[in-house]
Amino acid sequence: MTALARPRPIMGVYEKPFWEAVQQRELRLQRCRNCDHVWYPPGPVCPSCLSDDWRWDRMSGRGRVIAWTVFHRQYFRELPVPYLVVSVALEEGPLLIANILGVEPAAMRLDMAVHVEFEPARSADGDWLIYQWAPD
Ligand SMILES: [Zn+2]
């Protein structure tokens, strides 16, 4: 499979474990041990109860489309326009944004069932994996 050209995300201390899991073809988010809340983006404490007792928990990778947009303005040299950016509500609750594979804008539907797929990507500093949505 041809690697998609993608810029690397800015990697903070809380984003690093997320992207390390993606490299293992796993979607992992923080889950609170105190109240079971799951959240994204990553951070130091549970946004629901402020506990700092949490773990990186493997997600189902399944969700439903809640919104999408077509980018016509080019922000990254690696991403030619137009392209779809899709917001998905995971079964576990949090919203995650990515591109969607194999769907034309006119075919997008609210509440479309999707699952995560891991795709090879290429940056100036090497190859890696990114997560993308795909229709069920
Ligand atoms: Zn909590």
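Residues numbered from 1 in each chain as written. Predicted model: local features only at pLDDT ≥ 70, side-chain atom pairs only at ≥ 80, totals over all residues. Heavy atoms only, no water.

A. Looking closely at the sheet that holds strand E4 (residues 54-58). If you trace the three strands from one edge of the open sheet to the other, you get E3-E2-E4, paired in antiparallel fashion. This sheet does not close on itself; its edge strands, each paired only once, are strand E3 (38-39) and E4. With two bridges connecting them, strand E2 (residues 28-32) and E3 associate as antiparallel partners. Following the sheet pairing, Gln30 is matched in E3 by Trp39. (Pairing = 2+ DSSP bridges. Helix = DSSP H or I, 4+ residues; strand = E, 2+ residues; numbered from the N terminus.)

B. A look at the coordination of the zinc ion. At the metal site, the zinc ion is ligated by Cys32 (SG), Cys35 (SG), Cys46 (SG) and Cys49 (SG), and these contacts range over 2.3 to 2.4 Å. Because the angles between the four donor atoms bound to the zinc ion fall within 103 to 116°, the donor set is best described as tetrahedral. All donor residues of the zinc ion come from one chain, and their arrangement in sequence is C-x2-C-x10-C-x2-C. Placement of Cys35 in the loop between E2 and E3 and of Cys46 in the loop between E3 and E4 is noted, with a sequence separation of eleven residues between them. (Donors = N, O, S within 2.8 Å, 3.2 Å for Na, K, Ca; no water. Tetrahedral: all angles 85-135°; square planar, octahedral: opposite > 155°, others 65-115°.)

C. Structural view of unusual backbone geometry. Cis peptide bonds are those with omega within 30 degrees of zero, and the linkage from Tyr40 to Pro41 qualifies with 0°. Relative to the assigned elements, Pro41 resides in the loop between E3 and E4. Residue Pro82 is reached from Val81 by a cis peptide bond, and omega for that bond is -5°. Tracing the sequence through the fold places Pro82 in the loop between strand E5 (62-71) and strand E6 (83-90). A positive phi angle, near 60°, is found at Arg25, a position not held by glycine. The phi dihedral of Asp111 is positive, around 70°, even though this residue is not glycine. On the secondary structure map, Asp111 appears in the loop between strand E7 (95-98) and strand E8 (113-123).

D. Region of interest: the environment of Glu78. Note that Glu78 resides in the loop between E5 and E6. With 71 residues separating them along the chain, Glu78 and Pro7 place their C-alpha atoms 6.6 Å apart. Excluding its chain neighbours within four sequence positions, the residues that come into contact with Glu78 are Ala5, Arg6 and Pro7. (Contact = heavy atoms within 4.5 Å.)

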